[in-house]
Amino acid sequence: LKGQDPLAIDVCMDRMMATANYYGRVGVGTHAMAGINLALWDIAGKARDCPVYELLGGPYKTKFRAYCSILFGDTPKETGELARRFADKGFTAIKFGWGPMGQSEENDTALVREARKGAGPDIDILVDAGQVWDWKTALRRANQFSEFSPFWLEEPLIPTDLEGYARLRDECPIPIASGEHEYTAKAFEVIIQEKLLAFVQPDV
């Protein structure tokens, strides 16, 4: 991009995508280009002496509900203690993720049960599975978790298992969230057009 106009953001992005075509259209290459994209928008905001959200047509909202995002505890008991701690801090929703999730059916269910118990009935709990199951296991876990009323089940499958996500869309009792491992507008178009997810989560 040396010598290019930083305000011609689409031109810069197209130039990077063309150059990285064989080795960087997804994954690390796209992460690097995303960082440059953020810098280009920052330059545009400074050049026009306004916040970037105004350049993007906003703000549509100025207040957002915050949720606490933490790992599951190493044990169900520790998970319950974490839930109590963050509920006491005033969060109205707590997301638990990864950690020991996926080790066994019994432990998976106990983790979610203790998260609910620790958070209490009025706090939303969100479960981030961390891509640990196939769709049949994810559906079985969702049915087991449903009595604890999770707000969503996040990334139960690897991102390329679109067929599995379609099965969950049709059969799962808990809303499915995912998307932070997708990299392009085209990939999100597929997810949105096929209505694969209840909550789409791009990673900016």
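Up top is the structure.
**A short note on the packing of aromatic side chains**
Aromatic ring pairs are reported here in terms of the distance separating the ring centres and the angle at which the planes meet.
Working step 1: According to the stated counting rule, one finds 7 aromatic pairs in the structure shown.
Working step 2: Aromatic pair Phe-72 and Phe-96: ring centres 5.6 Å apart, planes at 25 degrees, arrangement stacked. Here Phe-96 lies in strand 2 (residues 93–97) and Phe-72 lies in the loop between strand 1 (68–71) and helix 4 (76–88), a separation of 24 residues in the sequence. The exposure classification of Phe-72 matches that of Phe-96, with both residues buried.
Working step 3: What links up through ring pairs into an aromatic cluster is the set Tyr-67, Phe-151, Trp-152 and Phe-199.

**Details of the state of the cysteines**
Working step 1: For the coordinates displayed, the defined rule picks out 0 disulfides.
Working step 2: For Cys-50, which is in no disulfide, the shortest distance to another cysteine sulfur is to Cys-12 and amounts to 18 Å.
Working step 3: Classification of Cys-50 by relative accessible area gives buried; the value is 19%.

**Some words on the sheet that holds strand 5 (residues 176–178)**
Working step 1: Within the open sheet, the 6 strands sit side by side as 1-2-3-4-5-6. Their pairing is parallel. Every other strand in the sheet has two partners, leaving strand 1 and strand 6 (199–200) as the edge strands with one partner each.
Working step 2: Bridging between strand 3 (residues 124–128) and strand 4 (residues 153–154) involves 2 bridges; their strand directions are parallel. Counted as the bridge partner of Asp-128 is Glu-154 from strand 4.
Working step 3: Against the sheet, helix 5 (residues 105–119) engages strand 2 and strand 3, with an angle of about 155 degrees to strand 3.

**Focus: helix 8 (residues 185–193)**
Working step 1: All of the buried residues along helix 8 are Ala-187, Phe-188 and Ile-191. An end-on view of helix 8 places all buried positions within 95 degrees of arc, on one side of the element. For helix 8, the exposed residues set more than 90 degrees away from the buried face come down to Ala-185, Lys-186 and Gln-193.
Working step 2: Close packing links the buried residues of helix 8 with strand 6.
Working step 3: Lys-195 occupies a position one or two residues after helix 8 and carries a positive phi of about 55 degrees.

**Some remarks on helix 4**
Working step 1: For helix 4, with 13 residues, the first-to-last C-alpha span of 19 Å sits near the 18 Å given by 1.5 Å per residue.
Working step 2: Listed as buried for helix 4 are Pro-76, Thr-79, Gly-80, Leu-82, Ala-83, Phe-86 and Ala-87. The buried residues of helix 4 occupy one face: seen down the axis, they fall within an arc of 160 degrees. For helix 4, the exposed residues lying more than 90 degrees away from the buried face are Lys-77 and Asp-88.
Working step 3: Against the buried residues of helix 4 lie strand 1, strand 2 and helix 5.
Working step 4: In the stretch just after helix 4, Gly-90 is the one whose phi turns positive, near 105 degrees.

**A short note on the packing of helix 1 (residues 9–19) against helix 2 (residues 28–48)**
Working step 1: Their axes nearest at 10 Å, the elements helix 1 and helix 2 cross at an angle of 165 degrees. Comparing their axes, helix 2 and helix 1 come out roughly antiparallel. As helix 1 packs across helix 2, the resulting crossing turns out to be right-handed. Touching Ile-9, Cys-12, Met-13, Met-16 and Met-17 of helix 1 are Met-33, Ile-36, Asn-37, Leu-40, Trp-41 and Ala-44, all from helix 2.

Each value, and the rule that gives it
- Residues numbered from 1 in each chain as written.
- Predicted model: local features only at pLDDT ≥ 70, side-chain atom pairs only at ≥ 80, totals over all residues.
- Heavy atoms only, no water.
- Phe/Tyr/Trp six-rings, centres within 6.5 Å; stacked < 30°, edge-to-face > 60°.
- Helix = DSSP H or I, 4+ residues; strand = E, 2+ residues; numbered from the N terminus.
- Buried < 20%, exposed > 50% of the residue type's maximum accessible area, 1.4 Å probe, protein only.
- Disulfide = S-S within 2.5 Å.
- Pairing = 2+ DSSP bridges.
- Contact = heavy atoms within 4.5 Å.
- Axes fitted to C-alpha atoms, helices over the stretch in contact; angles between N-to-C directions.
- Arc of directions from axis to C-beta.
- Expected span 1.5 Å × (residues − 1).
- Parallel < 35°, antiparallel > 145°, perpendicular 65-115°, else oblique.
- Left-handed = near helix turned anticlockwise from the far one by under 90°.

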